[in-house]
Amino acid sequence: MQVSSLNEVKLYSLSCGKSLPEWLSDRKKRALQKKDVDVRRRIELIQDFEMPTVCTTIKVSKDGQYILATVVTFETLSDDYSKIVFLHNDRYVEFHSQSGFYYKTRIPKFGRDFSYHYPSCDLYFVGASSEVYRLNLEQGRYLNPLQTDAAENNVCDINSVHGLFATGTIEGRVECWDPRTRGRVGVLDCALSSVTADSEINSLPTISALKFNGALTMAVGTSTGQVLLYDLRSDKPLLVKDHQYGLPIKSVHFQDSLDLILSADSRIIKMWNRNSGKIFTSLEPEHDLNDVCLYPSSGMLLTANEAPKMGIYYIPVLGPAPRWCSFLDNLTEELEENPESTVYDDYKFVTKKDLENLGLTHLIGSPFLRAYMHGFFMDIRLYHKVKLMVNPFAYEEYRKDKIRQKIEETRAQRVQLKKLPKVNKELALKLIEEEEEKQKSTWKKKVKSLPNILTDDRFKIMFENPDFQVDEESEEFRLLNPLVSKISEKRKKKLRLLEQQELHGKEEEEEPEGKPSDAESSESSDDEKDWVAEVRKQRRLLQQEEKVKRQEQLREDQQTVLKPQFYEIKAGEEFRSFKDSATKQKLMNKTLEDRLKLEAKNGTLSVSDTTVGSKQLTFTLKKSEQQKKQQEAEKLHRQERKAVRRSAGHLRSRPRRGRPFH
């Protein structure tokens, strides 16, 4: 059991604390209860109060005797669990009686919520459709649907006093219908009303929760974390409450005895006054929330979480404990605030990879390992023994860590020296000295305190990132530094002057003794002349340095000697002088007319007139050295073949006998 307090309201968590594994034997459980005080004082209010998987909806029957939890949503048609309707995520609607499953049907579109209208025995289903489907349980058939103006509907509710049906749409509106006439009687634009001066909204608010209370009150929760309280006689909300998390509101409930509204998103449950909007108390569970339920006429709160285990909380100021656990009222008077105990303290959870590192994979399936989720539970004593055998120096490392922690604790008790950051050390030292002077000054009560840059997180990166290092050699710094130093000196001088006035008790005098106003004005004018002269001096120095740099650069350029560069010629190519490339470059820079004249002069181009009056241009392509060599080789080869060729004219064929062949 864990106890927390906010605004002097104590809240007892009955689902936290040390629990025992189910696979422990009775003998082991009795032994743990004898030696462990936490186990002996443990309160198991509801045994096995968890789901095989994550549940999204939790409710209590009207008679307060049964707690039900499902994946999508459900509704109890009777006071107990004898008549229940379940809405599944596959469009099926199941009806269960006390004996079990009774009937199953299907709706046309995927459903998200539904409500039961007791006077007409109609079930109203809303979901991924603009229509609201009506299923009459007396006739056993679907009736004509209600056609809304929305693309989809998320939630719905029916007022138990006058039967008004309301549905929340994805466009951020709430449409109200009269089941008797099947007509729409009003529309509330909650998306527009949820935008206030203090709220930050990045998307269109949709309706995620809806709840009636009495005949005229309705609470609406949006997907951007706002809760709006309406009086049905007005289209303006009475109150707008922001959760400040930007998460969809999961559930909204009313607590009439204290005039409270309970609203919950996935991180926090807030209870606030419905008249003033003041926070009464809040609760942050250890797991993300899916749904919240108030136990009828009591101070018990039930939660469905993003975990198999469900939550039970007891707030005595909201009401008494339920009748079946009335002993809680006596126990809460004796309980003190204790830290939450770790589950399974006597056992170590290990994964399969941990077993491989320890060399214990052969124990899988044995009584030494108990399978649980994605790993195993093993006795903590066995784990320590095996780890010591695998890593014999583990104790030495543990001992060194403990010694190091003790040394750090003793160092913290000593006088702390000034530790300068790695970046902008001079600036940090200056700020530290100024802060110390302010603290030592007796005039600090009359000087307005300003935030320190060193302790401000907004300027933290300036003393960590080297990119923000102040360059004292830059022109801007050297020109600005005389002014900054003068201002700092004037500030210190003024501070010392004020201290002297405080010591001599002359605060009411307009001028200090021995220094008239004209002397002070002359002194300020002298200070201005001094820093102006310093700025001019720095500017002259900068100009001289720039001139020296240019002269040195010019001298280096003149002294630079071009070193010879060597190039390797590819095989089969001949070296040609660099004049060819220079000539070619010059030729490319000339105009087309000049290039044509040069080609005609060299004989590679000829221009002639034709008979029809046009121009005819003939040119000879230049051949590369390789092509020339190939042509020379072919020509030489033909000459050699021609020299060795013999004539065949001396060969005569003999005449043949017989008829010639045609």
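Residues numbered from 1 in each chain as written. Predicted model: local features only at pLDDT ≥ 70, side-chain atom pairs only at ≥ 80, totals over all residues. Heavy atoms only, no water.

Per an unreviewed UniProt entry, the protein chain carries the name Nucleolar protein 10 and comes from Bos indicus x Bos taurus. Recorded in UniProt under Sequence similarities (unreviewed entry), the annotation for the protein chain is "Belongs to the WD repeat NOL10/ENP2 family." Heading Subcellular location (unreviewed entry) of the UniProt record for the protein chain holds this comment: "Nucleus, Nucleolus". (UniProt positions renumbered as here; feature names shortened; annotations may be inferred.)

Here we look at the overall build of the protein chain
Broken down by element type, the protein chain carries 13 helices and 32 strands. Among the 662 residues that make up the protein chain, the fraction classed as buried is 33%. Restricting the contact set of the protein chain to residue pairs at least 6 apart, pairs at least 24 apart contribute 43%. (Helix = DSSP H or I, 4+ residues; strand = E, 2+ residues; numbered from the N terminus. Buried < 20%, exposed > 50% of the residue type's maximum accessible area, 1.4 Å probe, protein only. Contact = heavy atoms within 4.5 Å.)

Points about the sheet that holds strand β19 (residues 226-231)
One open sheet accounts for four strands, arranged β17-β18-β19-β20; its pairing is antiparallel. Strands at the two margins of the open sheet, each flanked by one partner only, are β17 (207-213) and β20 (239-242). Each strand axis lies, on average, 15° off the axis of its neighbour in the sheet, ignoring direction. Pairing geometry for β19 and β20, over four bridges, is antiparallel. (Pairing = 2+ DSSP bridges. Axes fitted to C-alpha atoms, helices over the stretch in contact; angles between N-to-C directions.)

Describing the pairing of strand β15 (residues 173-178)
Of all the six residues making up β15, five are buried; the element is thus mostly covered by neighbouring parts of the structure. Both strand β14 (residues 165-169) and β15 contribute to a ladder of four bridges, which runs antiparallel. Within β15, the position partnered with Phe 165 by the bridge is Trp 177. Where β14 folds back onto β15 in an antiparallel hairpin, the turn is made up of three residues, including Gly 172, whose phi is positive at roughly 85°. Across six bridges, the pairing between β15 and strand β16 (residues 183-189) is antiparallel. Directly across from Arg 173, in β16, lies its bridge partner Asp 189. Linkage of β15 to β16, two consecutive antiparallel strands, is achieved through a turn of four residues, within which Arg 182 is found at a positive phi near 55°.

Looking at the side chain of Thr 76
Along the polypeptide, Thr 76 turns up in strand β5 (residues 73-76). Judged by its relative accessible area of 8%, Thr 76 falls in the buried class.

Points about a negative patch on the surface
A cluster of acidic residues, Glu 426, Asp 471, Glu 472, Glu 473 and Glu 476, forms a negative patch on the protein surface. As for its placement among the helices and strands, Glu 473 is situated in the loop between α8 (425-440) and α9 (475-504). (Patch = residues over 30% accessible without salt bridge, like charges linked within 9 Å, V, L, I, M, F, W, Y side chains within 5 Å. Areas by Shrake-Rupley, 256 points an atom, 1.4 Å probe, with all protein chains shown as cover. Salt bridge = Lys/Arg side-chain N within 4 Å of Asp/Glu carboxyl O. Lys, Arg positive; Asp, Glu negative; His and termini not counted. Charge placed at Lys NZ, Arg CZ, Asp CG, Glu CD.)

Let's talk about the sheet that holds β15
Strand order in the open sheet made by the four strands is β13-β14-β15-β16, with antiparallel pairing throughout. The strands lining the two open edges of the sheet, one partner per strand, are β13 (153-158) and β16. Ignoring which end each strand starts from, the neighbouring axes of this sheet average 20° apart.

Here's the deal with the nonpolar core
In terms of nonpolar packing, the biggest core is built from 20 residues, with Leu 14, Ile 58, Met 300, Leu 302 and Leu 328 touching the most fellow members. Residue assignment for this core shows that the elements contributing at least two residues are β3 (57-60), β26 (300-305) and β27 (311-314). Among the elements that line this core, the one with the most residues is β26, at three residues. Leave out the neighbours within four places in its chain, and Leu 328 touches Leu 14, Leu 45, Met 300, Tyr 314 and Ala 321. (Core = buried A, V, L, I, M, F, W, Y, C linked by side-chain atoms within 4.5 Å.)

Re the packing of aromatic side chains
A full pass over the atoms with the stated rule returns eight aromatic pairs. In this arrangement the basic side chain of Lys 59 is found over the ring face of Phe 74, its NZ or CZ atom lying 5.4 Å from the centre. (Phe/Tyr/Trp six-rings, centres within 6.5 Å; stacked < 30°, edge-to-face > 60°. Lys NZ or Arg CZ within 6 Å of the ring centre and 35° of its normal.)

Notes on unusual backbone geometry
One non-glycine residue, Arg 91, lies in the positive phi region at around 75°. Within the element layout of this structure, Arg 91 appears in the loop between β6 (84-87) and β7 (92-97). Residue Arg 91 is classed as buried on the basis of its relative accessible area, which comes to 18%. The phi angle at Ser 297 is positive, at roughly 55°, despite the residue not being glycine. Judged by its relative accessible area of 74%, Ser 297 is exposed.

Some details on the side chain of Ser 129
Along the chain, Ser 129 falls in the loop between β10 (122-127) and β11 (131-136). Not counting the four nearest positions on each side in its chain, Ser 129 is found in contact with Lys 109, Ala 151, Glu 152 and Asn 153.

Things to note about the pattern of salt bridges
Summed over all chains, the structure comprises 10 salt bridges. Across the salt bridge formed by Asp 122 and Arg 134, the nearest N and O atoms sit 3.9 Å from each other. Of this pair, Asp 122 sits in strand β10 while Arg 134 sits in strand β11, placing them 12 residues apart in sequence. The exposure classification of Asp 122 matches that of Arg 134, with both residues buried. A single network of salt bridges, built from pairs that share partners, joins Asp 149, Glu 175 and Arg 184.

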